[in-house]
Amino acid sequence: MAPGEIRTPVNADKRVLLAAPRGYCAGVDRAVIAVERALEHYGAPIYVRKEIVHNRHVVETLSERGAVFVDDTAEVPEGARVVFSAHGVSPAVHTEAAERSLSTIDATCPLVTKVHKEAIRFARDGFRIFLVGHAGHEEVEGTMGEAPDHITLVQSPEEARIIEVPDAEKLVWISQTTLSVDETMETVEILRERFPQLQNPPSDDICYATQNRQVAVKKIGPEADLVIVVGSANSSNSVRLVEVALEHGAKTAHRIDFAREIDETWFHDVATVGVTSGASVPENLVQDVLQLLADYGFDTVEEVITAEEDLIFSLPKELRKLG
């Protein structure tokens, strides 16, 4: 379909609302650089347990450079070097790596490490812990592994209404870092209604980048006929951005990995397109989307800035000592 065949609302000027912040967060940047530095210093192959971050393009690019992604530590040859992903791992994984004499580089996001430490401390103090998160997500698996006998997973407000715990005297909640802020708080409030003694963690576990990207989408959603979220299907924070856009006024919203996945029929009766990207998405993928939109006449781009981000995490200690 040619750009001229796209039906546009009468008397409407085509424009793009570009969300900011978007794309890479400090934890993702740190993890990707960790694999790149390991490849540069040690050479290929460098094994990576799970996807270093949840983005197809990043994983494919690192694979081309010599990173080997595996689902389980047992797949890494004994004595080889392995990077643990930004989502973190359980103590059992560290133990298995040591038993196989693996050289490890721990690229766990420091904000995920914070949640792990909370779980350890609360368990030590005798708390039953509600972990708000999604079953099967690597981050949740790693956190639950820190105190499996003390943690109960709560995946949704619906589960919060029916979940039971054996000991309701000392209760606290923590959460996966990449959730919808609104849905997480809805889940927590339901838990609090049922368990009034429920305590809060010392600080919010949902990471700054996840929150900032959701705030930006909430800002552009009411004005957008269409919101395009760049991010992979297994990226929790990217999927949440689509949900947040729809919940806050966007007429339609779609998630894509690459600009080529955009369906031109989405542009019918669209004057304003919102664009954002998940926290594990490199900026060049967003620029590809903007170029395609320009080809279809959406060449006026207004950046909607709701926060400034300047946080930088130091590299894993195993790489800092390399100089």
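Residues numbered from 1 in each chain as written. Predicted model: local features only at pLDDT ≥ 70, side-chain atom pairs only at ≥ 80, totals over all residues. Heavy atoms only, no water.

Where we set the bar: UniProt positions are given in the numbering used here, feature names are shortened, and annotations may be inferred rather than shown by experiment.
Under an unreviewed UniProt entry, the name given to the protein is 4-hydroxy-3-methylbut-2-enyl diphosphate reductase, and the source organism is Brevibacterium siliguriense. On record in UniProt, under Function (unreviewed entry), the comment for the protein is "Catalyzes the conversion of 1-hydroxy-2-methyl-2-(E)-butenyl 4-diphosphate (HMBPP) into a mixture of isopentenyl diphosphate (IPP) and dimethylallyl diphosphate (DMAPP). Acts in the terminal step of the DOXP/MEP pathway for isoprenoid precursor biosynthesis." Of the protein, the UniProt comment under Sequence similarities (unreviewed entry) reads exactly: "Belongs to the IspH family."

Re the pattern of salt bridges
Defined as follows: Salt bridge, as used here: a side-chain nitrogen of Lys or Arg that lies within 4 Å of a carboxyl oxygen of Asp or Glu. What counts as a helix is a DSSP run of H or I of at least four residues, what counts as a strand is a run of E of at least two, and both are numbered from the N terminus. Type-normalised accessible area, obtained with a 1.4 Å probe on protein chains alone, sets the label of each residue: buried when under 20%, exposed when over 50%, and partly exposed for intermediate values.
Applying the stated criterion across every chain, the model contains 20 salt bridges. A salt bridge links Glu-302 to Arg-15; its shortest N-O distance comes to 3.5 Å. Linking Glu-302 in strand 12 (residues 301–305) with Arg-15 in strand 1 (residues 15–20), this pair joins segments that are 287 residues apart in sequence. Glu-40 is paired through a salt bridge with Arg-65; the nearest N and O atoms lie 3.9 Å apart. Pair noted here: Glu-40 is in helix 1 (residues 26–42) and Arg-65 is in helix 2 (residues 56–65), with a separation of 25 residues, a long-range link. Take Glu-40: its relative accessible area is 57%, and that puts it in the exposed class. Classification of Arg-65 by relative accessible area gives partly exposed; the value is 41%. Three or more residues are tied together by salt bridges with common partners; here these are Arg-56, Glu-60, Arg-255, Asp-257 and Glu-261.

What about the sheet that holds strand 6 (residues 128–132)?
The pairing of strands in a sheet comes from backbone hydrogen bonds and takes either a parallel or an antiparallel form. Our working definition: Should DSSP find at least two bridges between two strands, the strands are regarded as paired. Angular values range over 0 to 180 degrees, each being the angle between N-to-C directions of two axes fitted as lines to C-alpha atoms, with helices fitted over their stretch in contact. Residues are treated as being in contact if the distance between any of their heavy atoms lies within 4.5 Å.
The strand order across the open sheet formed by three strands is 7-6-8, and the pairing between neighbours is parallel. One side of each edge strand has no neighbouring strand; the edge strands of this open sheet are strand 7 (151–154) and strand 8 (171–175). The sheet shows a mean angle of 30° between the axes of neighbouring strands, taken without regard to direction. With five bridges joining them, strand 6 and strand 8 adopt parallel strand pairing. What sits directly across from Leu-131, in strand 8, is Ile-174. Relative to the sheet, helix 4 (residues 110–124) contacts strand 6, strand 7 and strand 8, its axis offset from that of strand 8 by approximately 165°. Of the strands in this sheet, strand 6, strand 7 and strand 8 touch helix 5 (residues 138–146), which is tilted by about 160° from strand 7.

Focus: the UniProt feature "binding site: dimethylallyl diphosphate" (unreviewed entry) in the protein
Counted only if it meets this: Here a cavity denotes a set of grid points, spaced 1 Å apart and computed over the protein atoms alone, in which a 1.4 Å probe fits but from which it cannot get out, and a pocket denotes an open set meeting protein on both sides within 12 Å along at least five of seven lines; residues with an atom within 4 Å of a point are reported as lining. Here a polar contact means two N or O atoms within 3.5 Å. Within protein one must be a hydrogen donor candidate and the other an acceptor candidate, and residues neighboring in sequence count only if both atoms are side-chain atoms.
Within this numbering scheme, the UniProt entry marks His-54, His-87, His-137, Ser-235, Ser-236, Asn-237 and Ser-280 as carrying the feature "binding site: dimethylallyl diphosphate" (unreviewed entry). Lining the largest cavity, from this annotated set, are His-54, His-87, His-137, Ser-235, Ser-236, Asn-237 and Ser-280. Relative to the helices and strands, Ser-236 is located in helix 9 (residues 236–247). For Ser-236, a relative accessible area of 8% gives the class buried. Each residue touching Ser-236, except ones within four places of it in the same chain, is listed here: His-134, His-137, Gln-176, Thr-178 and Leu-179. As for its placement among the helices and strands, Ser-280 is situated in the loop between strand 11 (272–277) and helix 10 (283–295). On the basis of relative accessible area, Ser-280 is assigned to the buried category, the value being 4%. Ignoring any residue separated from it by four or fewer positions in sequence, one finds Ser-280 in contact with Tyr-24, Val-28, Val-53, His-54, Asn-55, Val-58 and Ser-235. From its side chain, Ser-280 meets the backbone oxygen of His-54 in a polar contact 3.1 Å long.

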